[in-house]
Amino acid sequence: MMKKQELPEASIFCIDMCGFYASVSAVELGLDPLEVCLAVVGNQERKGSVVLAASPMMKKRFGVRTGTRLFEIPNHRDILLVEPKMKLYLQKSMAITELLARYAPKESIHIYSVDESFIELTGTEKLWGPPEFTMRRIQQELLDSFKLPSSVGGGPNMLLAKLSLDLEGKKMGFAYWNYSDVPKKLWPVQPLSRMWGIGSRTEKTLNSMGIFSVGDLACTDVSVLEKQFGIMGNQLHQHANGIDLSDMGSPLVEGQISYGKGQILYRDYIEEQDIMTIVLEMCEDIAMRTRQARRAGRTIHLSIAYSKTAFGGGFSRSRSIDEATNDTMEMYRVCQSLFREHFQHKPVRQISLAISNLEEESSMQLSLFDEKKFENRQLGEAMDTIRKRYGYSAIYRGISATQAGTAIARTKLIGGHNKE
C-alpha cells in the first residue's frame with residue numbers, strides 16, 4: 001500500500017443533483033421537488049415504460065424509483081406523472097456547470113453525467129475560504145438559483161469523492177472522506193457491487209476467490225489480483241485502499257476496457273427474426289464505435305432479459321474468438337450463435353451487448369489473401385464516414401426500416417427520449 005504522505009493532497013468534490021429529471025420537471029411546474037410525488041416516464045402510452053427519475057417523496061411514500069415500470073405505479077391522486085423534456089434538462093445541466101465555473105476554472109470541473117459533476121477547489125481558499133464551506137455555499141446557491149436540491153461527496157481524490165457521495169453523501173446530503181476514513185468507512189462495504197467500479201460479473205469472480213468485502217480486496221495480494229484481472233487487478237487493489245492517481249478530468253478507470261450498449265425495448269419481442277434485428281442494429285453501433293477508436297475485440301457478450309409477463313429471467317453469455325474483430329457481421333454471427341444456444345422462446349424485453357478483450361486494430365490480420373475481410377473493413381469505414389458527416393440515419397441496413405427496427409427512431413431522441 002502506498003504511504004499516505006506520498007499521496008497528493010487535494011480538495012475534490014462530486015456533486016449529484018438529487019432526482020435531477022424529476023426535480024427540474026417539478027420546478028418547471030412550480031412545485032417543491034422535495035415534497036411532490038412526481039415521476040418522469042418516457043412514454044405513458046406504453047404500460048411497460050420505465051420511470052426515468054422519481055422525486056424523493058415518490059420514493060419514500062410509494063417505493064417508486066428509477067427503473068420502476070409504469071404499470072407498477074399505484075393509482076393515487078397524489079402521484080404526478082410527466083413526460084421527459086431532455087432539451088430542458090440539458091439546458092439546466094449547462095447552467096449548473098456555468099455556476100460551478102464561477103468558483104473554479106473550467107479545467108477544474110469534470111462533467112461526469114447530466115446530473116453529476118466533479119469540481120476541484122484546491123487553491124481557492126484565498127478567494128472563497130475552506131473548500132468544504134465553499135461546497136456548501138454552492139449547494140445553497142443551487143437551491144436559491146434553481147430550486148434544485150443536491151448531494152455532495154468530497155475527498156482528496158476523485159475516487160474518494162465519488163465513494164463518499166454514493167455511500168454516505170446521498171443519505172446525509174454532505175460527506176467528506178479522507179484517507180484515514182478508508183478502513184472504517186470503505187473496507188466494511190459489501191456486497192462488493194456497492195462500490196463504484198465493481199459490476200456484478202467482477203463481484204462474482206472476486207467472490208469465487210474468497211473476496212467478499214472491500215476490506216478483503218484491500219488486503220489481497222496484488223499479484224493474485226493481477227493474475228486474474230491483468231492491470232485492472234492492480235487498479236482494483238488501489239481503489240480498495242482509497243488510492244486514485246488519475247488527473248482531474250480523466251476517467252476514474254483508466255482505459256476503455258469494452259464497448260457496449262443496452263436497450264429496453266418498447267414492447268415484448270417474441271419472434272427470433274425481430275429480436276435479431278435489434279441485435280444487428282446494436283452490433284452496428286458498437287462495431288462503429290470500436291472502429292472509430294481503432295480498436296478490435298476478441299470477446300463478445302450477449303445478455304437477454306425476458307419480459308415480466310414471462311416471469312422474468314434470461315441469460316448472459318460470452319464467447320471469445322481466435323482473432324480480434326470490429327466487423328459488424330462477425331459480431332452478429334457470434335451473437336446469433338449464442339442466442340440460438342440459450343434462447344428459451346420467451347418474450348424479450350431487454351438486450352445488452354458488448355465487445356471486450358480489446359487490442360489495437362493493427363493487430364487484426366487483414367490478409368491480402370482474404371479479399372472479403374478487407375472489403376468488409378473498407379465498407380464499414382465508408383459507412384462510418386457517411387454517418388459521422390450526415391447522421392446515423394443517412395445510411396442504414398434494410399432491417400432498420402422494418403417494424404422491428406428501432407435505430408432510425410432513436411436518432412430523433414436525446415438520451416433515448418424526446419428532444420423537447
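Because the structure is predicted, anything quoted here is derived from the model rather than measured. (Residues numbered from 1 in each chain as written. Predicted model: local features only at pLDDT ≥ 70, side-chain atom pairs only at ≥ 80, totals over all residues. Heavy atoms only, no water.)

So, about helix 11 (residues 231-240). Listed as buried for helix 11 are G233, Q235, L236, H237, H239 and A240. If you follow the buried residues of helix 11, they end up packed against helix 6 (158-172), helix 7 (182-186), helix 8 (200-208), helix 9 (214-219) and helix 10 (222-229). Following helix 11 by one or two positions, G242 adopts a phi angle in the positive range, close to 80°. (Buried < 20%, exposed > 50% of the residue type's maximum accessible area, 1.4 Å probe, protein only. Helix = DSSP H or I, 4+ residues; strand = E, 2+ residues; numbered from the N terminus. Contact = heavy atoms within 4.5 Å.)

The subject of this paragraph is the sheet that holds strand 2 (residues 37-41). Strands pair in a sheet through their backbones, by hydrogen bonds, and they do so in one of two ways: parallel or antiparallel. Across the sheet, which stays open at both edges, the three strands sit in the order 3-2-4 with mixed pairing between neighbours. Each edge of the open sheet carries a strand with a single partner, namely strand 3 (51-54) and strand 4 (79-82). Averaged over all pairs of adjacent strands, the angle between strand axes in this sheet comes to 25°, irrespective of strand direction. Alignment of strand 2 against strand 4, held across four bridges, turns out to be parallel. (Pairing = 2+ DSSP bridges. Axes fitted to C-alpha atoms, helices over the stretch in contact; angles between N-to-C directions.)

What follows deals with helix 5 (residues 131-146). A rise of 1.5 Å per residue sets the reference length of helix 5, with its 16 residues, at 22 Å; its end C-alpha atoms lie 22 Å apart and thus fit the reference within 8%. Where helix 5 is concerned, the buried positions are P131, T134, M135, I138, Q139, E141, L142 and F146. One side of helix 5 carries all its buried residues, which in axial view fall inside an arc of 165°. Turned more than 90 degrees from where helix 5 packs its buried face, F133 and D144 sit exposed. (Expected span 1.5 Å × (residues − 1). Arc of directions from axis to C-beta.)

The next point concerns the pattern of salt bridges. Scanning the entire structure with this criterion turns up 15 salt bridges. Among the ionic pairs, E141 bridges to R102, the shortest N-O distance being 2.5 Å. Here the residue E141 occupies a position in helix 5, and R102 occupies one in the loop between helix 3 (86-100) and strand 5 (109-113), the gap between them amounting to 39 residues. For R340, the salt bridge identified is with E272, shortest N-O distance 2.8 Å. Pair noted here: R340 is in helix 13 (residues 328-342) and E272 is in helix 12 (residues 272-292), with a separation of 68 residues, a long-range link. Of the residues examined, E272 reaches a relative accessible area of 28% and is grouped as partly exposed. (Salt bridge = Lys/Arg side-chain N within 4 Å of Asp/Glu carboxyl O.)

Across the sheet, which stays open at both edges, the five strands sit in the order 5-6-1-7-8 with mixed pairing between neighbours. Every interior strand has two partners, whereas the edge strands, strand 5 and strand 8 (174-176), have only one. In this sheet, neighbouring strand axes are inclined to one another by 15° on average, regardless of whether the strands run parallel or antiparallel. Where strand 5 lies against strand 6 (residues 116-120), four bridges are found, and the strand directions are antiparallel. Note that in strand 6 the partner of I111 across the bridge is S117. Against the sheet, helix 5 contacts strand 1 (12-17), strand 6, strand 7 (150-155) and strand 8, and its axis sits at roughly 20° relative to strand 1.

On to the packing of helix 10 against helix 11, then. Closest axis-to-axis distance for the helix 10/helix 11 pair is 6 Å, and the angle between their directions is 135°. One way to sum up the angle between helix 10 and helix 11 is to call them oblique. Of the two possible hands of crossing, helix 10 and helix 11 adopt the one that is right-handed. Contacts from V222, L225, E226 and F229 of helix 10 reach helix 11 at I231, M232, G233, N234, L236 and H237. Each residue belonging to the contact of helix 10 with helix 11 can be placed in one class, and the counts come to six nonpolar, three polar and one charged. (Parallel < 35°, antiparallel > 145°, perpendicular 65-115°, else oblique. Left-handed = near helix turned anticlockwise from the far one by under 90°. Nonpolar A, V, L, I, M, F, W, Y, C, P; charged D, E, K, R; others polar.)

Within the structure shown, the criterion is met by 10 aromatic pairs. The interplanar angle of 20° and the centroid separation of 4.4 Å between the aromatic rings of F339 and F343 together place this pair among those described as stacked. Each member of the pair, F339 together with F343, is buried. When the ring centre of F174 is taken as origin, the NZ or CZ atom of R136, which lies over that ring, is 3.9 Å away. (Phe/Tyr/Trp six-rings, centres within 6.5 Å; stacked < 30°, edge-to-face > 60°. Lys NZ or Arg CZ within 6 Å of the ring centre and 35° of its normal.)

Further remarks concern a nonpolar patch on the surface. Among the surface-exposed residues, L29, L31 and L80 lie close enough to one another that they form a single nonpolar patch of about 220 Å² accessible area. The residue L31 is located in the loop between helix 1 (20-28) and strand 2 in this model. Note on L31: relative accessible area 33%, which makes it partly exposed. (Patch = residues over 30% accessible without salt bridge, like charges linked within 9 Å, V, L, I, M, F, W, Y side chains within 5 Å. Areas by Shrake-Rupley, 256 points an atom, 1.4 Å probe, with all protein chains shown as cover.)

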